[in-house]
Amino acid sequence: MHDTPALAHAILSHHAATFAGFAPEPVPAPTSQEPVYLAALQACSQLGFIAHDAECLARAWQARALRTGAAQPEVWPDAPEDFGLQPLPRAHQFAPCPERLGLYAVLPDATWVGRMARAGVPTVQLRFKSDDAAAIEREVRAAVQAVQGTGALLFINDHWRVAIDVGAYGIHLGQEDLDALKADELQALRNSGLRLGVSTHGYAEMVRADAVGPSYIAMGAVFPTTLKKMATAPQGVGRLGVYARLMRHYPQVAIGGIGAEQFAQVLATGVGSIAVVRALVNAADPESAAAQLMQHMAPTPV
Ligand SMILES: Cc1ncc(COP(=O)(O)OP(=O)(O)O)c(N)n1
Ligand SMILES: Cc1ncsc1CCOP(=O)(O)O
Ligand SMILES: [Mg+2]
């Protein structure tokens, strides 16, 4: 039998420092009356997790308590099974990509893609925002051509049909992009053999992404970014660390507001890749900036 207020207090006191800087969120309506669940729901809301994420965490805390017989307020939940992630090997899984995608340049057009691929950036993404079908096809084809002979892995943001037709390495989709996919389209995407990266911004979205079995999981925005209007607060490195731990069986990409000064703390979370936009496209000398960031990615010699 657990005392819910005491357990909530213990969770808070053990983890407040890791998740400092977030305002408390309202406690969502409980979906269970289990004391461990209720305590975790209250504590995680107090720690600033939005309702869907607090619910996920509370369910995981309860699942672990059932599995182990202990509430363990001092240990943040990180077992994939407690969050209901697919067991390994996954029943649903996209084609694999390297565990560590390294520096990942997210770029506005094919010219930039070619430029950064030739500069030696190992992973590049064409993020060409347009509604003009002809322009999209032209740009995706040009990007695929631009990486030829460079060894760079090219992901296409959003435009998955053209990416399949043209034979890109992979596709990147966000949560809203996944919402728009019908089941047969998702299956067609998986059958294409192209790799899939999925954006996530918290626990509920990671659980949702896992059901699709993407090739990598992107997590962000880690820091504030001016490049994209985000529906969720910057997650910070404390959260990134626990996300990376939960999703340890996936290749991981951190994104959002990351520049050279932030690389060390982001890499310390264990992610194998950092995606950047402004750190390259706004640099006075993008090739030198790429070289510098790739050096930051490299493990420091002992
Ligand atoms: C590596 C990486 N991570 C996240 C995103 C964002 O994707 P999405 O949420 O679909 O938003 P848009 O980029 O389409 O505006 C990304 N592109 N790449
Ligand atoms: C596309 C995207 N998705 C989440 S943050 C982001 C933009 C990242 O840009 P920057 O590295 O300049 O902050
Ligand atoms: Mg998108």
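Residues numbered from 1 in each chain as written. Chains lettered and ligands numbered in written order. Predicted model: local features only at pLDDT ≥ 70, side-chain atom pairs only at ≥ 80, totals over all residues.

Engineer: Would you take a moment to explain the site of ligand 2 for this structure?
Structural biologist: Lining the immediate surroundings of ligand 2 are 14 residues, of which Thr225, Leu227, Gly256, Val277 and Arg278 lie closest. Per-class residue counts for the shell around ligand 2 are 8 nonpolar, 4 polar and 2 charged. (Near = placed C-beta within 6 Å. Nonpolar A, V, L, I, M, F, W, Y, C, P; charged D, E, K, R; others polar.)

Engineer: Is there a simple way to think about the site of ligand 1 in this case?
Structural biologist: In the vicinity of ligand 1, 17 residues are found, and the nearest of them are Gly174, Ser199, Ala218, Ile255 and Ala275. For the shell around ligand 1, the secondary-structure elements that each account for two or more residues are strand 1 (102-107), strand 4 (170-173), strand 5 (195-200) and strand 7 (252-255). (Helix = DSSP H or I, 4+ residues; strand = E, 2+ residues; numbered from the N terminus.)

Engineer: Help me out: how do you make sense of the pairing of strand 4 in this one?
Structural biologist: A regular strand places its side chains so that they alternate between the two faces of the sheet. Residues Gly170 and His172 point to one face of strand 4 and Ile171 and Leu173 to the other, with burial holding for every one of them. The pairing of strand 3 (residues 153-157) with strand 4 spans 3 bridges and is classified as parallel. Considered in strand 4, the bridge of Asn157 is made with His172. Assessed by its sense of winding, the connection that carries the chain from strand 3 through helix 6 (residues 160-166) to strand 4 is right-handed. Judged from the 4 bridges that link them, strand 4 and strand 5 form a sheet pairing that is parallel. Bridging from a neighbouring strand, Leu173 pairs with Val198 of strand 5. (Buried ≥ 20, exposed ≤ 12 C-beta atoms within 10 Å, placed from the backbone. Pairing = 2+ DSSP bridges. Right-handed = clockwise from strand over helix to strand, strands pointing away.)

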